[in-house]
Amino acid sequence: MTTQLTEKRTGTTARPAPRGRARTPRTARRTSAWTPWLYLLPALAVLGGLLVYPVYQLGLISFLEYTQAQVSGGEPTSFKGFGNYTTLFGDPQFWQVLLATVLFAAACVVTTLAVGCALAVLLTRVRALPRFLLMVAALGAWATPAVTGSTVWVFLFDPDFGPVNRLLGLGDFSWTYGRYSAFALVLLEVVWCSFPFVMVTVYAGIKAIPSEVLEAAALDGASQWRIWRSVMAPMLRPILVVVTIQSIIWDFKLFTQIYVMTNGGGIAGQNLVLNVYAYQKAFASSQYSLGSAIGVVMLLILLAVTLVYLRLLRRQGEEL
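Residues numbered from 1 in each chain as written. Predicted model: local features only at pLDDT ≥ 70, side-chain atom pairs only at ≥ 80, totals over all residues. Heavy atoms only, no water.

A.B. asks: Explain the packing of helix α6 (residues 128–143) against helix α9 (residues 179–208) to me, please; I cannot follow it from the model alone.
C.D. replies: In a pair of packed helices, the angle between the axes and the distance between the axes together describe the arrangement. For the pair α6 and α9, interaxial distance at closest approach is 7 Å and the crossing angle is 135°. Judged by the inter-axis angle, α6 sits oblique to α9. Crossing of α6 over α9 shows left-handed handedness. Across the interface between the two elements, Arg131, Leu134, Met135, Ala138, Leu139, Ala141 and Trp142 of α6 pack against Trp192, Cys193, Phe195, Pro196, Phe197, Met199, Val200 and Tyr203 of α9. Grouping the amino acids of the contact of α6 with α9 by side-chain chemistry returns 14 nonpolar, no polar and one charged. (Axes fitted to C-alpha atoms, helices over the stretch in contact; angles between N-to-C directions. Helix = DSSP H or I, 4+ residues; strand = E, 2+ residues; numbered from the N terminus. Parallel < 35°, antiparallel > 145°, perpendicular 65-115°, else oblique. Left-handed = near helix turned anticlockwise from the far one by under 90°. Contact = heavy atoms within 4.5 Å. Nonpolar A, V, L, I, M, F, W, Y, C, P; charged D, E, K, R; others polar.)

A.B. asks: When you look at the packing of aromatic side chains in this model, what are you seeing that I'm missing?
C.D. replies: The tally for this structure, following the rule as stated, stands at 21 aromatic pairs. Considering the side-chain rings of Phe63 and Tyr85, the 5.6 Å spacing of their centres and the 50° angle between planes classify their relative orientation as tilted. Taken together, the residues span a long stretch of sequence, with Phe63 in the loop between α2 (25–62) and β1 (64–65) and Tyr85 in helix α4 (residues 83–89) at a distance of 22 residues. Taking relative accessible area as the criterion, Phe63 reaches 23% and is therefore assigned partly exposed. Taking the relative accessible area as the measure of exposure, Tyr85 reaches 9% and is therefore buried. When the ring of Phe94 is compared with that of Trp95, the centres are 5.2 Å apart and the planes differ by 70°; the resulting orientation is edge-to-face. Taken together, the ring pairs connect Phe63, Phe82, Tyr85, Phe89, Phe94 and Trp95 into an aromatic cluster. We note Arg179 situated over the ring of Tyr180; from NZ or CZ to the ring centre the distance is 5.9 Å. (Phe/Tyr/Trp six-rings, centres within 6.5 Å; stacked < 30°, edge-to-face > 60°. Buried < 20%, exposed > 50% of the residue type's maximum accessible area, 1.4 Å probe, protein only. Lys NZ or Arg CZ within 6 Å of the ring centre and 35° of its normal.)

A.B. asks: Sorry if this is basic, but what is going on with α9 here?
C.D. replies: Two residues of an α-helix separated by three or four positions point the same way, owing to the 3.6 residues in each turn. For α9, which comprises 30 residues, the first-to-last C-alpha distance of 43 Å matches the rise-based estimate of 44 Å (1.5 Å per residue) to within 8%. Of all the bends in α9, the largest measures some 40° and sits at Ser194, one to four residues before the proline Pro196. (Expected span 1.5 Å × (residues − 1). Bend = angle between axes of the 7 residues up to and from the residue.)

A.B. asks: Please clarify how the environment of Val186 should be interpreted in this entry.
C.D. replies: Residue position: Val186 is located in helix α9. For the pair Val186 and Phe104, spaced 82 residues apart in sequence, the C-alpha separation works out to 9.6 Å. Setting aside its immediate chain neighbours within four residues, Val186 contacts Phe104, Leu254, Gln257, Ile258, Met261 and Thr262.

A.B. asks: What's the story with the pattern of salt bridges in this structure? I'm lost.
C.D. replies: Should their charged atoms come close, side chains of opposite charge can pair. Tallying each qualifying case throughout the model produces one salt bridge. Of the charged contacts in the structure, one is a salt bridge between Lys80 and Glu65, with a shortest N-O distance of 3.1 Å. Of the two residues, Lys80 sits in the loop between β2 (78–79) and α4 while Glu65 sits in strand β1, which places them 15 residues apart along the sequence. (Salt bridge = Lys/Arg side-chain N within 4 Å of Asp/Glu carboxyl O.)

Below is the structure:
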């Protein structure tokens, strides 16, 4: 009553006291923009410790004179600048190994994608039991450690005790003696342990495509290849980008299969790739700074390939 009388005398209306300042649309947008980064902060902190610091050390050593003498403390570490890179780029063997690495990685990526996509389409055509058996067999190959898988494949193609030569009637033919046959053998093992990732990922993407779209294409008389090329592949492009980039990274930095199956790079280094070449320079020759320089070059190449690929997709209007 007292409040109402006061309002009538003064001609004012009492307003409730503000509890807090209302957020403006701009403030709300800023808060919503930072929210995803707050959720990602723990993972970024872990990745920073596991990736950023080792990459920093790799780059730092590549600019130093760092050999066994510096590791043992016999000589002081000195700054060499771009001297290691000058030595590396002036070595003809580096360019030969780089070319072999690019060609071999490209062959592995193309073959892995072809096998994985073909089997993913096959999974959508077979019944439940064959599909289950194929998935189990593929995941078994995927879960096999690289050293174990490489050792098994070397035994299978062994010229004396391997069953493959006996089945094919090749006698004592040595797959690891020739340069191209050794690369082909490693390629088969790489595809064997890599295609399950492509197959499972693409199969999941195919199952997400509305069945009405595929049925309409089939009713229009499109063949299976035309359906894949004109309907499935465009709709699966974001997924294909992911598996392609992942395969490029895995196959370009291949180490275990080459090292185990060719006994450290083949006869006279005929099967060297960049990762094995860096290992030989760093540990076999104790030129740690030169091996680090090779690692930096590999990192820059992979970053360039990924950025160029993503930029081309952005130009085509694809959102990842």
